[in-house]
Amino acid sequence: MPSHHSFVGSILDETRLELGEGPVYDPDLDCLWWFDILGRSLLRLDLATGTASAHSLPFLGSVIARIDGNRHLIASDQGLFLRDLASGELSLHCELEPESRGNRSNDGRMHPCGALWIGTMGKTAATGGGAIYHVAGKTVTTLFDKVSIPNSICFSPDGATGYFVDSKVNTLMRVPLDPATGLPTGAASVLVDGRDQPGVFDGSVCDAKGDIWNARWGGGGVDRYDAEGRHLARYDMPAERVTCPAFFGRQADRLMVTSCWEGLDADARAADPLAGATFELGVAVEGRIEPAFKL
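Remember, it's a predicted structure, so these values are computed and weren't measured experimentally.

S.K.: So what's going on with the pairing of strand E5 (residues 41-46)? Which residues, and what values?
M.R.: Within E5, 5 of the 6 residues are buried, which leaves the element mostly enclosed by the surrounding structure. From the end of strand E4 (residues 31-36) to the start of E5, which pair antiparallel, there are 4 residues, and Arg40 there has a positive phi angle of about 50 degrees. In this sheet, strand E6 (residues 52-56) lies alongside E5 in antiparallel orientation, the contact comprising 5 bridges. Bridged to Leu45 within E6 is Ala52. If you look at the hairpin formed by E5 and E6, you'll find 5 residues sitting between the two strands, and Gly50 has a positive phi there, around 75 degrees.

S.K.: Provide a residue-level description of the sheet that holds strand E16 (residues 161-166), including the pertinent values.
M.R.: If you trace the 4 strands from one edge of the open sheet to the other, you get E15-E16-E17-E18, paired in antiparallel fashion. In the strand order of this sheet, the two ends are held by strand E15 (150-155) and strand E18 (189-193), each with one partner. Here the strands of the sheet are splayed against their neighbours by 25 degrees on average, with no regard to which way each runs. With 4 bridges joining them, E16 and strand E17 (residues 171-176) adopt antiparallel strand pairing. When the bridges of E17 are listed, Thr161 appears paired with Pro176.

S.K.: Please give an account of the nonpolar core that cites residues and values.
M.R.: The biggest cluster of nonpolar side chains holds 17 residues, and the ones touching the most others in it are Trp213, Met237, Phe247 and Leu255. Listing elements by their share of this core, those giving two or more residues are strand E20 (212-217), strand E22 (231-236), strand E23 (242-248) and strand E24 (254-259). Residues Leu73, Leu96, Ala131 and Tyr133 belong to the second largest nonpolar core, which totals 16 residues.

S.K.: Provide a residue-level description of the pattern of salt bridges, including the pertinent values.
M.R.: What the rule picks out here adds up to 15 salt bridges. A salt bridge links Asp193 to Arg195; its shortest N-O distance comes to 2.6 Å.

S.K.: With reference to specific residues and values, describe unusual backbone geometry.
M.R.: For Ala125, which is not glycine, the phi dihedral falls at a positive 60 degrees. Take Ala125: it is sitting in the loop between strand E12 (116-122) and strand E13 (130-136). In the Ramachandran plot, Lys146 falls in the positive-phi region, its phi being about 55 degrees despite a non-glycine side chain. On the secondary structure map, Lys146 appears in strand E14 (residues 139-147). Lys146 sits in the exposed class, given a relative accessible area of 63%.

Definitions and limits used
Residue numbers run consecutively from 1 along every chain, following the written order of its sequence. Local features in this predicted model are restricted to residues whose pLDDT is 70 or higher, and side-chain atom pairs enter the listing and the counts only when it is 80 or higher, whereas totals over whole chains, interfaces and linings include all residues. Heavy atoms throughout the structure, all of them, feed into the side-chain values; hydrogens and water do not. We call a residue buried when its accessible area falls under 20% of the maximum for its residue type, exposed when it is over 50%, and partly exposed in between, using a 1.4 Å probe and counting protein chains only. Numbered from the N terminus, helices here are DSSP runs of H or I no shorter than four residues, and strands are runs of E no shorter than two. Any two strands between which DSSP finds at least two bridges are classified as paired. Structural elements are reduced to axes, namely lines fitted to C-alpha atoms, with helices fitted over the stretch in contact, and the angle between N-to-C directions of any two is expressed from 0 to 180 degrees. Nine residue types can take part in a nonpolar core, namely buried Ala, Val, Leu, Ile, Met, Phe, Trp, Tyr and Cys, and a core is a set of them joined through side-chain atoms within 4.5 Å. Salt-bridge detection follows one rule: a side-chain nitrogen of Lys or Arg within 4 Å of a carboxyl oxygen of Asp or Glu.

Right under this line is the structure:
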């Protein structure tokens with residue numbers, strides 16, 4: 001049986017986001033970045049000062065990856081864009097799904113080799129409407145098609161195993177990878193069957209030991225699994241619809257978790273008053289800094 005832990009964390013940012021997602025720590029600036037996808041907003045929290053800010057976007061952004069101290073890569077419904085940190089100026093890096101403008105980007109994460117895995121989905125979550133892609137420089141390769149809601153994209157510390165889920169299917173998958181490229185070398189298989197538990201697999205991140213930390217959307221908690229799929233621990237959260245975790249801090253020893261209120265009516269929001277806030281889990285973790293994207 002997994003160990004069960006009550007929430008001992010805190011609220012990092014009080015803003016109630018309709019769809020908080022895509023958190024990442026930026027070691028160059030010692031800050032956190034994350035999105036309100038449906039609010040077309042990029043959020044920033046400077047850790048040294050506690051200063052929070054929001055930056056409007058002209059698209060539905062969902063994943064941000066640092067390139068260097070001056071630029072980021074952002075995945076969106078209109079493709080992959082470079083963002084200049086000083087000016088906020090956006091320039092198209094490459095198309096992702098030019099034939100599927102009814103789709104948007106969703107979950108994604110950097111592989112240790114410097115390639116990005118990014119998932120897409122229909123804006124109305126059409127069954128089988130999206131896919132998961134591998135992006136190396138400007139080369140986009142389809143990895144898995146007919147995906148409804150791609151989530152839980154993360155990688156083992158050595159880069160030899162990838163994880164992902166289609167939240168409509170709700171089985172956490174693992175796939176062997178070439179550590180040098182982040183491309184699959186074999187077929188995906190089921191690691192954890194989550195269909196008999198409340199909620200669904202949403203975003204995940206893999207720590208320095210290889211454990212997988214998953215935000216359980218609709219389940220009000222963060223679950224930790226080992227590389228063999230054993231459920232090690234459940235950490236309660238003060239919001240039901242948690243969406244994605246990320247390690248942060250200079251030692252990557254803290255964990256932030258985003259959440260959302262998307263789909264909740266007025267009564268449901270009143271019953272879940274912290275829905276959409278951004279949290280720190282409040283337990284010690286052995287995390288990893290996300291690698292930079294290689295142009």
